[in-house]
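Each chain, letter by letter, is given below.
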Amino acid sequence: MAATVRPRTGEQAKRHALAQVREAILRGEMAPAQRLVENELAAQFGVTRASIRAALIDLEAQGLVERIRNRGSRVRVVTVEEAVEITECRRALEGLCAAKAAVAASDEQLERLGGLGLAMSEAVDAGELVVYSDLDHELHARIRELSGRRTARELLDRLNAQLVRHRFPPALRPGRPQQSLKEHLALIEAIAARDPQGAEAAARAHLTSVIEALRD
């Protein structure tokens, strides 16, 4: 069977370039303020410069890339104030998702949520901050999924993508994991108790705490 040949030009090539550059930014492989050189990206992803240029235009519209006059494109840097504004929006949406999850989740799903809380506690006790940060993201993603609110999930995905480029993730700051763990466990407990109001309040309290950490 003949191997599939990836197109170097056209809409398919642009979509490929867009997906690859976006994922690299979200995974942190391209750091805030890093220059995005079209020739290098074209060679890396096997497409033309025109495809890369079109992809960067789309990424600029998504708020992931910015163009600097006479210097080309770079990964956009999110300021503290922008990070606060994004987190304020997250607070409302995460609260909604937590409330819906408390009503919609099955017993089996609640049990898995509790297991995630246990894993987070173990990571903090062991000082495994990167593991804890990954579990933090997984917890929020799982609650969004349990909520059954597709529009809220899509909006939060976009907001979280922008926060990836903030230079100082609060979850990795000294003392922060211990504080956020208490907040996450309270959130899990309220959802497990099928208390939508308590779950929303716990989610909002956690995001308020994140905002305070961003401003420190």
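The following refers to the structure shown.

Criteria and thresholds
- Residues numbered from 1 in each chain as written.
- Predicted model: local features only at pLDDT ≥ 70, side-chain atom pairs only at ≥ 80, totals over all residues.
- Heavy atoms only, no water.
- Axes fitted to C-alpha atoms, helices over the stretch in contact; angles between N-to-C directions.
- Helix = DSSP H or I, 4+ residues; strand = E, 2+ residues; numbered from the N terminus.
- Parallel < 35°, antiparallel > 145°, perpendicular 65-115°, else oblique.
- Left-handed = near helix turned anticlockwise from the far one by under 90°.
- Nonpolar A, V, L, I, M, F, W, Y, C, P; charged D, E, K, R; others polar.
- Expected span 1.5 Å × (residues − 1).
- Buried < 20%, exposed > 50% of the residue type's maximum accessible area, 1.4 Å probe, protein only.
- Arc of directions from axis to C-beta.
- Contact = heavy atoms within 4.5 Å.
- Disulfide = S-S within 2.5 Å.
- Core = buried A, V, L, I, M, F, W, Y, C linked by side-chain atoms within 4.5 Å.
- Pairing = 2+ DSSP bridges.

## With respect to the packing of helix α4 (residues 80–104) against helix α9 (residues 196–215)
Two numbers describe how α4 lies on α9: the axes approach to 7 Å, and their chain directions differ by 165°. Accordingly, the angle class assigned to the pair α4 and α9 is roughly antiparallel. The handedness of the crossing between α4 and α9 is right-handed. By residue class, the composition of the contact of α4 with α9 is 15 nonpolar, 3 polar and 8 charged.

## Quick word on helix α5 (residues 107–125)
Helix length check: α5, at 19 residues, gives a terminal C-alpha distance of 27 Å against a target of 27 Å (1.5 Å per residue), a fit within 8%. Among the residues of α5, L110, L113, L116, G117, M120, S121, A123 and V124 are the ones counted as buried. Angular distribution of buried residues about the axis of α5 spans 165°; they occupy a single face of the element. The exposed set on the far side of α5, more than 90 degrees from its buried face, consists of D107, E108, E111, L118 and D125. For α5, the elements touching its buried residues are α6 (129–147) and α8 (176–192). Remark: G127 follows α5 within two positions and exhibits a positive phi of approximately 70°.

## Thoughts on the packing of α5 against α6
Helix packing geometry: the angle between the two helix axes and the distance between the axes. Where α5 meets α6, the axes come as close as 9 Å, and the angle between the chain directions of the two elements is 165°. Here α6 runs roughly antiparallel to α5, going by the angle between their axes. Of the two elements, α5 crosses α6, and the hand of that crossing is left-handed. Within the contact between the two elements, α5 uses Q109, R112, L113, L116, A119, M120, A123 and V124 and α6 uses V131, Y132, L135, D136, E138, L139, R142, I143 and L146.

## Quick word on the state of the cysteines
Applying the stated criterion to the full structure yields 0 disulfides. Cysteine C89 shares no disulfide, and the gap to the nearest cysteine sulfur, in C97, comes to 14 Å.

## Examining the nonpolar core
If you look at the biggest cluster of nonpolar residues, it comprises 23 residues, and the most contacted ones within it are A98, L113, L139, I143, L187 and I191. Elements supplying a minimum of two residues to this core: α4, α5, α6, α8 and α9. At 6 residues, the largest contribution of residues to this core is made by α5. In contact with L187, not counting residues within four places along its chain, are A98, I143, A199, A202 and A203. Counting 20 residues, the second-largest nonpolar core is a separate cluster that includes A17, L59, L64 and V75.

## Points about the sheet that holds strand β2 (residues 65–68)
If you walk across this open sheet you meet the 3 strands as β1-β3-β2, and the pairing is antiparallel. Of all the strands in the sheet, the pair left with one neighbour each is β1 (35–36) and β2. Taken together, the 2 bridges between β1 and strand β3 (residues 72–75) define a ladder with antiparallel strand orientation. Looking at the pairing, R35 lines up with R74 of β3.

Interpretation note: all reported values are geometric properties and have no functional meaning in isolation.
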